[in-house]
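Working through the structure, step by step
Given next are the chains, with one letter for each unit.
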Amino acid sequence: VLLDPAIAGDAELMRAKATEVMGRGGHATERVALVERIDGSADPAVREAAELEIVHPLERRDDGTFWFRYDKAAAVAAFGEICQPVPELDEPRPTLVVAATRAPFVTPEVLDALGAQLGDLLEVVELDCGHMVMWERLDETVELVDGFLD
């Protein structure tokens, strides 16, 4: 099961994302951090999930600012990995791709590369949401994954 897999990404887009991550700093309040986390999404499900999740990954530093707990270098490295081509599969297996229609990751080229390797073993379902499908469409995602694994 691949939930909006970020593979074979556009190098310039990933470079821009990595540069953005490197420039991020602390936030004056938890609310400001929340706004960054939801990245402008007006979807109520995103806001609700982010509000539930945001308390744990934030740390308050001595200067009073709030910082997300992640390693910037690791995030930058991940953006580089996203640029790698669709991997060659040793043994094709049934695969479900849940593609977020409002995210730039599951492109026709990615689906073509997966389809060339998987043929009829590939099932693709599109959800009208951003990249964090489990935040934005939790119930639908659970239903799709459960149905696929049964």
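It should be emphasised that the depicted structure is a prediction, and the values quoted were computed from it without experimental measurement. (Residues numbered from 1 in each chain as written. Predicted model: local features only at pLDDT ≥ 70, side-chain atom pairs only at ≥ 80, totals over all residues. Heavy atoms only, no water.)

What to know about the confidence of the model for the protein
Worth spelling out the cut-off: What pLDDT expresses is the predictor's confidence in each residue, scored from 0 to 100. The way it works is that DSSP assigns letters per residue, a run of H or I at least four long becomes a helix, a run of E at least two long becomes a strand, and they are numbered from the N terminus.
For the protein, per-residue confidence averages 88 on the pLDDT scale, and residues scoring 70 or more make up 89% of the total. Taken element by element, the protein is modelled with least confidence in helix 3 (residues 44-54), mean pLDDT 68, and with most confidence in strand 5 (residues 122-127), mean pLDDT 98.

Points about helix 1 (residues 11-23)
To be explicit about the condition: Between the first and last residue of a helix there are one fewer steps than residues, each counted as 1.5 Å, and that sum is the expected span. A simple rule labels every residue: compare its accessible area, found with a 1.4 Å probe on the protein chains alone, to the largest value its type can have, and call it buried under 20%, exposed over 50%, or partly exposed in between. To be clear, the arc concerns the directions from the helix axis to the C-beta atoms.
For helix 1, built from 13 residues, the straight-helix expectation of 18 Å at 1.5 Å per residue is met to within 8% by its first-to-last C-alpha distance of 18 Å. Within the span of helix 1, buried status applies to Met-14, Ala-18 and Val-21. Buried residues of helix 1, viewed axially, fall in a sector of 60 degrees; they line one side. In helix 1, the exposed positions angled more than 90 degrees off the buried face are occupied by Glu-12, Arg-15 and Gly-23.

Quick look at the pattern of salt bridges
Defined as follows: Within this document, salt bridges are pairs made up of a side-chain nitrogen of Lys or Arg and a carboxyl oxygen of Asp or Glu, the two lying within 4 Å of each other.
Applying the stated rule across the entire model yields 5 salt bridges. Arg-93 serves as the salt-bridge partner of Glu-91, at 3.7 Å between the closest nitrogen and oxygen. Members of the salt-bridge network, linked through shared partners, are Glu-59, Arg-61 and Arg-69.

With respect to the pairing of strand 4 (residues 95-100)
For the record, the criterion: Strands pair, by our definition, only if DSSP identifies at least two bridges between them. Handedness of a crossover: with both strands directed away from the viewer, a clockwise path from the first strand across the helix to the second marks it as right-handed.
Counting buried positions along strand 4 yields 6 of 6 residues, so the element is predominantly enclosed. Residue alternation in strand 4 divides its side chains into two sets, Thr-95, Val-97 and Ala-99 and Leu-96, Val-98 and Ala-100, and both sets are buried. With 2 bridges joining them, strand 1 (residues 2-3) and strand 4 adopt parallel strand pairing. Within the sheet, the bridge partner assigned to Leu-3 lies in strand 4 and is Val-98. Strand direction decides the pairing type here: strand 4 and strand 5, joined by 6 bridges, are parallel. Looking at the pairing, Thr-95 lines up with Leu-122 of strand 5. The parallel pair strand 4 and strand 5 is bridged by helix 5 (residues 108-118), and the resulting crossover is right-handed.

Overview of the sheet that holds strand 1
Quick note on the threshold: It only takes one pair of heavy atoms within 4.5 Å for two residues to be counted as in contact. Fitting a line to C-alpha atoms yields each axis, with helices limited to the stretch in contact; the angle taken between N-to-C directions then spans 0 to 180 degrees.
Reading across the sheet, the 3 strands line up as 1-4-5 and stay open at both edges, with parallel pairing between neighbours. Unpaired on one side and paired on the other, strand 1 and strand 5 mark the two borders of the sheet. Of the strands in this sheet, strand 1, strand 4 and strand 5 are in contact with helix 5, which crosses strand 5 at around 155 degrees.

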